[in-house]
Amino acid sequence: MNAAGFPLLSLLTFLPLAGAVAILCIRGDEATVASNARWTALWTSLIVFVLSLILWFRFDPRVADAQFVEQLAWLPDFGVNYHMGVDGISVLFVLLSTLLTPICILASWEGVQHRVREYMIAFLVLETMMVGMFCALDLIIFYVFFEGVLIPMFLIIGVWGGQRRVYAAFKFFLYTLLGSVLMLLAILALWFRAGTTDIAGLMDVPVPANWQYWMFLAFFASFAVKVPMWPVHTWLPDAHVEAPTAGSVILAGVLLKMGGYGFLRFSIPLFPEASAFFAPLMFALSVVAVIYTSIIAFAQDDMKKLIAYSSVAHMGIVTIGLFTFNQQGISGAIFQMLSHGVVSGALFLCVGVLYDRVHSREIARYGGVAKIMPAFALVFMLFTMASVALPGTAGFPGEFLVITGAWRSSGWVALGAGMGMILGAAYMLWLYRRVIFSRITKNEVKGLLDLSPRELAIFAPLILLTLWMGLYPSSFTNVWEVSVAALIERHEAALSVPRLAGL
Amino acid sequence: MNWTLALPEILLAVAGLVLLLVGVGPKRDMTFPITMGTLGVLLVAAVLSMATADGVAFNGQFISDSFARFAKVLILLGAASGLMLALDWNEKQGIARFEFPILVLFSTIGMMVMVSASDLITLYIGLELLSLSLYVIASFDRDNERSAEAGLKYFVLGALASGLYLYGASLTYGFSGSTNFAAIGSAVSGEEGASLGLLVGVTFVIAALAFKISAVPFHMWTPDVYEGAPTPVTAFFASAPKVAAVSLLVRVLADPFADLAAQWQGVIWLASMGSMILGSLAAIRQQNIKRLMAYSSIGHIGYALMGLVVATDTGLRGVMLYMAIYLVMNAGVFAVLVSMRRQGRSLERVEDLAGLGRTDPAMAIAMVVFCFSMAGIPPLAGFFSKLYVFLAAVQEGYWVLATVGVLTSVIGAYYYLRIIKVMYFDTPAGALDPRSASASVILAGAGLFNLLFFLFPAPVVAAAGAAVAAFAG
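Residues numbered from 1 in each chain as written. Chains lettered and ligands numbered in written order. Predicted model: local features only at pLDDT ≥ 70, side-chain atom pairs only at ≥ 80, totals over all residues.

Named according to an unreviewed UniProt entry, chain B is NADH-quinone oxidoreductase subunit N originating from Muricoccus pecuniae. Per UniProt, chain B has the following entry under Catalytic activity (unreviewed entry): "a quinone + NADH + 5 H(+)(in) = a quinol + NAD(+) + 4 H(+)(out)". Its UniProt record gives chain B the following Subunit (unreviewed entry) comment, quoted word for word: "NDH-1 is composed of 14 different subunits. Subunits NuoA, H, J, K, L, M, N constitute the membrane sector of the complex." (UniProt positions renumbered as here; feature names shortened; annotations may be inferred.)

Under an unreviewed UniProt entry, the name given to chain A is NADH-quinone oxidoreductase subunit M, and the organism recorded is Muricoccus pecuniae. Reading the Sequence similarities (unreviewed entry) entry of the UniProt record for chain A gives the comment "Belongs to the complex I subunit 4 family."

(A) Structural view of the overall build of chain A. A tally of helices and strands in chain A yields 21 helices and 2 strands. Computed over its C-alpha atoms, the radius of gyration of chain A comes to 22 Å, within 12% of the 23 Å expected for a compact globule of 503 residues. Seen through its C-alpha atoms, chain A measures out along the principal axes to roughly 75 × 55 × 40 Å. Evaluated residue by residue, chain A yields a buried proportion of 61% over its 503 residues. In chain A, once contacts between residues fewer than 6 apart in sequence are set aside, the share between residues at least 24 apart is 80%. (Helix = DSSP H or I, 4+ residues; strand = E, 2+ residues; numbered from the N terminus. Rg over C-alpha atoms; globule rule 2.2 N^0.38 Å. Buried ≥ 20, exposed ≤ 12 C-beta atoms within 10 Å, placed from the backbone. Contact = placed C-beta atoms within 7 Å.)

(B) Structural context of the overall build of chain B. Along the backbone of chain B there are 20 helices and 4 strands. Its C-alpha atoms give chain B a radius of gyration of 21 Å, near enough to 23 Å, the size a compact globule of 473 residues would have. On the principal axes, the C-alpha backbone points of chain B span a range of 70 × 55 × 40 Å. Taken over 473 residues, chain B has a buried fraction of 62%. Taking the contacts inside chain B whose residues are at least 6 apart along the sequence as the reference set, 79% of them involve residues at least 24 apart.

(C) Representation of the interface of chain B and chain A within the structure. Facing the 25 residues of chain B at the interface are 28 residues of chain A. Listing elements by their share of the side of chain B that touches chain A, those giving two or more residues are α17 (381-395), α18 (399-424) and α20 (458-468) of chain B. Residue contributions to the side of chain B that touches chain A peak at 10 residues, all from α18(B). Residues belonging to the side of chain B that touches chain A are distributed by class as follows: 20 nonpolar, 4 polar and 1 charged. (Nonpolar A, V, L, I, M, F, W, Y, C, P; charged D, E, K, R; others polar.)

(D) View of the packing of helix α3 (residues 66-93) of chain B against helix α11 (residues 240-254) of chain B. Residue and element names in this part refer to chain B. Where α3 contacts α11, the two axes come as close as 8 Å, and the packing angle between them is 165°. Taken together, α3 and α11 sit at an angle that is classed as roughly antiparallel. For the crossing formed where α3 meets α11, the hand is left-handed. Where α3 abuts α11, its residues F67, A71, L74, I75, G78, A79 and G82 lie against A240, V243, A244, S247 and R251. The residue makeup of the contact of α3 with α11, split by class, is 8 nonpolar, 3 polar and 1 charged. (Axes fitted to C-alpha atoms, helices over the stretch in contact; angles between N-to-C directions. Parallel < 35°, antiparallel > 145°, perpendicular 65-115°, else oblique. Left-handed = near helix turned anticlockwise from the far one by under 90°.)

(E) Main features of the pairing of strand β1 (residues 67-75) of chain A. Residue and element names in this part refer to chain A. Note: β1 against strand β2 (residues 80-86), 6 bridges, orientation antiparallel. Pairing of Q67 across the sheet is with V86, part of β2. Following β1, the chain reverses through 4 residues before pairing antiparallel with β2; G79 in that reversal takes a positive phi of roughly 70°. (Pairing = 2+ DSSP bridges.)

(F) Summary view of unusual backbone geometry. In the segment running from A:V227 into A:P228, the intervening peptide bond is cis, with an omega of -15°. When you line up the elements, A:P228 lands in the loop between α9 (209-226) and α10 (235-242). In this structure, B:P217 follows B:V216 across a cis peptide bond, with omega equal to 5°. Secondary-structure assignment places B:P217 in the loop between α8 (196-212) and α9 (221-228). If you check the backbone angles, A:R115 has positive phi at about 50° while not being a glycine. Inspection of the secondary structure puts A:R115 in the loop between α3 (91-107) and α4 (116-135).

(G) Spatial organisation of the packing of α3(B) against helix α10 (residues 231-238) of chain B. Residues and elements named next belong to chain B. Taken N-terminus to C-terminus, the directions of α3 and α10 make an angle of 170°; their axes are 8 Å apart at the nearest point. With respect to α10, the element α3 is oriented roughly antiparallel. Across the interface between the two elements, G82, L85, A86, W89 and N90 from α3 touch T231, P232, A235 and F236 from α10. Within the contact of α3 with α10, the residues separate by chemical class into 6 nonpolar, 3 polar and no charged.

(H) Summary view of the UniProt feature "domain: NADH:ubiquinone oxidoreductase chain 4 N-terminal" (unreviewed entry) in chain A. Feature annotation in UniProt places "domain: NADH:ubiquinone oxidoreductase chain 4 N-terminal" (unreviewed entry) on residues 78-130 of chain A, given in this structure's numbering. Helix makes up 60% of residues 78-130 of chain A and strand 13%, and the two end C-alpha atoms of the span are 25 Å apart.

(I) Structural context of the environment of A:A34. Residues and elements named next belong to chain A. You can see A34 is positioned in helix α2 (residues 30-58). Residue class for A34 comes out buried when judged on the 20 C-beta atoms lying within 10 Å of it. Along the primary structure A34 and H114 are separated by 80 residues, whereas in three dimensions their C-alpha atoms are 8.4 Å apart. Not counting chain neighbours up to four residues away, the residues in contact with A34 comprise V116 and R117.

(J) Region of the structure containing the nonpolar core. Among the nonpolar cores identified, the biggest contains 394 residues, and A:L185, B:A244, B:M323 and B:F390 are the most heavily contacted of them. Ranked by the residues each element gives to this core, the list is headed by helix α14 (residues 313-338) of chain B, at 19 residues. When residues no more than four places from it in sequence are discounted, the contact partners of B:A244 are B:A71, B:I75, B:M111, B:M114, B:V115 and B:L130. (Core = buried A, V, L, I, M, F, W, Y, C linked by C-beta atoms within 7 Å.)

(K) Representation of the confidence of the model for chain B within the structure. Residue and element names in this part refer to chain B. Overall, the predicted model of chain B reaches an average pLDDT of 89, with 99% of residues at or above 70. Least confident of the elements in chain B is strand β4 (residues 345-346), whose mean pLDDT is 84; most confident is helix α4 (residues 99-116), at 93. This prediction of the complex comes with two scores: 0.90 for pTM and 0.86 for ipTM. (pLDDT = per-residue confidence, 0-100.)

(L) Region of the structure containing the environment of A:S35. Looking at where A:S35 falls in the secondary structure, it is placed in helix α2. Note: C-alpha distance between A:S35 and A:I296 (261 residues apart in sequence) is 41 Å.

(M) Geometry of α4(A). Here α4(A) contains 20 residues, and its C-alpha end-to-end distance of 29 Å stays within 8% of the 28 Å for a straight helix at 1.5 Å per residue. Where burial is concerned, most of α4(A) is hidden: 20 out of the 20 residues are buried. (Expected span 1.5 Å × (residues − 1).)

(N) Quick peek at the environment of A:V241. Within the secondary structure, A:V241 is located in helix α10. Discounting residues that sit within four places of it in the chain, A:V241 has contacts with A:G162, A:D302, A:K304, A:K305 and A:A308.

(O) Layout of α10(A). All names here are of chain A. Burial of α10 is extensive: 7 of the 8 residues sit out of reach of the surface. Turning to α10, its buried residues are L236, P237, D238, A239, H240, V241 and E242. Buried residues along α10 sit against α6 (150-160), α7 (165-194), α11 (245-270) and α13 (303-322).

Structural data, given as structure tokens:
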């Protein structure tokens, strides 16, 4: 617990913002500003990461409730408090966010050459929003951070993106905003019914069954777009392709998790009956997503687009796991979210390495890269294997647990999820073959240099994590086991209570 | 006779007359000293307004309560920011005259009388004092055809609205026997209830006020007048008079006509719905940024009215909070618009902002803040203004209105994003002239307010709550 009374979570949340303000104050010519902005951003995010490790060491996995809690009156008239805390479910997402941000900043060290100051500010603001969102224990605070993410991300895609960046940025923004405002209405309805927006307080005020369905759908509108679930996933390939490398990493690594996290944090505990009622729908959409987007991924010529579609498929596995309502399924879903955050982030970084050298994401422009970039080929292979859930890598425990959990709900769903694994292996290996193996036929590929020390430094922690998560998964599952068990217990208790509709 | 309650208005009126004399006296140009004098008087009036006690003066013609105080401070703030923006702009445009600040001053008196009115006649006097001053400043750039057209259009349609108001007021007087709000209130809540004539009267009064706040379907004048009038005048139009007219509408409907809520709610519901939809859809294709802001203001009025439809404490509080935040966002956006000038020529197209992110990063960042705030994206202030009106609507089960509201806010986000896109994603169209110190002050102030509002929302929210508490008792 937070015995010292030190507001660690607030510090983690707002330190990046302080870094952004510091960058704003840098004076001098363009080159000085750029280099100072880079270093300031890197140091800020590294300090935040180191501080976030305290969470990891001092977190007590035997406690299901929120830890490191902070509470301040914010809008006392309306029962809204600035309430922060992490439990087993959210703590690792905070760490994921704080880990990926310095990696992203390092990854853009040379790739981003214009408007460096603004770029670094955008990333630090983004970090504030992400960390704040995972720490928020109040629905309004959560919503503020959840939506606030859109502002820096819109600018990152729009200013530093590729050819069709304007279209992609608008699509990303408006799509997600549309989903979120519907959720806002449901939040407001919960707010005035319970007189509080505190998440723990809301749990004590059961929502009548007939309301649950509408509210579930409103929350679904927001989280399904964020996850993204089929058929509202279409913004994702565009956003991924057009975003700069680091933008894609954050998008795949953290922003997609916000949807899954939202389902787990709000939809399932607040609307247990509606969740159970809509579970078949969620399964159906997820299975379609897994199979459909895997097939689509085969047809892609663009590396980033292929990985983007694979993200949709992997997140489909996550939503299957969440709605099994059993320990394996939910545990697996959380594991899958974390491992996907690391692995897909790393895959986008791999594409970024190639893109920085050749300035193309087209698969056909590559081939035979293994001969001149052996270290890169090895790294890329590891992450490809993790993406196809090879045992021993990070991808495996999550998918395995989800499929185990899904078996207990329905064999067909498990079969669908399993199909996803097979198809995933096929398109990822095919991608790998086309880019890395075969003979070098393109002139521009001949002169490529292997990974620089900076790039190795970026990949090293991700490689370590990928192997660690694959070889010793229980060091991660331990963290959330108790919280998940409590969540399932509450869910089952809510369902077993005779219906008290109208109360 | 408790005339001290009207001390701020009296001070402003006397100061206006004195400044007028000072202006005509000397041979040299007195614009700058008179503007400064006006700003000073506005400041003193703001302090006095906050200090006035509760009470009724002039035989029930004039009321001072927490609501009036809140609205007056907003009005004075809006007027002062409008004046500051005009100071530099008028000079560069070659229309700097000392009458301008004085006209703004008189219109401010009109607005303050409006929000303190507790009688239909006082209300009319305030409304006309406001309107007549606005007609003149709309065509202040008198050699410019569009400005003259704006003034004329505004005058003709404004006169029509005044006519509507007088007709409605006369019906109300005829069927209730009094022009005093308290007396009308007791007539409405009498045993036999409101007569049909009274209802017609109320509807006409609402129509006239809807014209002033440019709510659909009385919005037609807004885009033309906003486009034609000199930019700082547009800034002024979109801020203080809107706050005054909305406050007035709140007072009239929540005080004397509170018992007719079931009848007027439907009317306001339609106006709110129409304004939100029209404001968001019509703005999409606008090329002229002032016209765009005109439609945007129509949309914002729609959201504010949503709180009035609900007419609960939370709803009315939402309206006042909305207007307070809207005022600040608006001042910020217009500070940017006023600064849009290249080689001495003022610019009005959205494209003229192209590349502002590179040529003037500070102003571009401020504009980004205002645009996201207007679009209602958290954590900026504009989100909270929408939050309260939506909360009120959801509380009372106005689901259709709330749903349309959030959907139109997504559509609205599109055209605010377009401004950001032009500033950041497009190639620069050349640097703008350096912005004036007054615009910078307003940019910084409004920008910080929008950015930091989320840290300490409670005081402003509480102030708005205290304001509408005046109607509870």
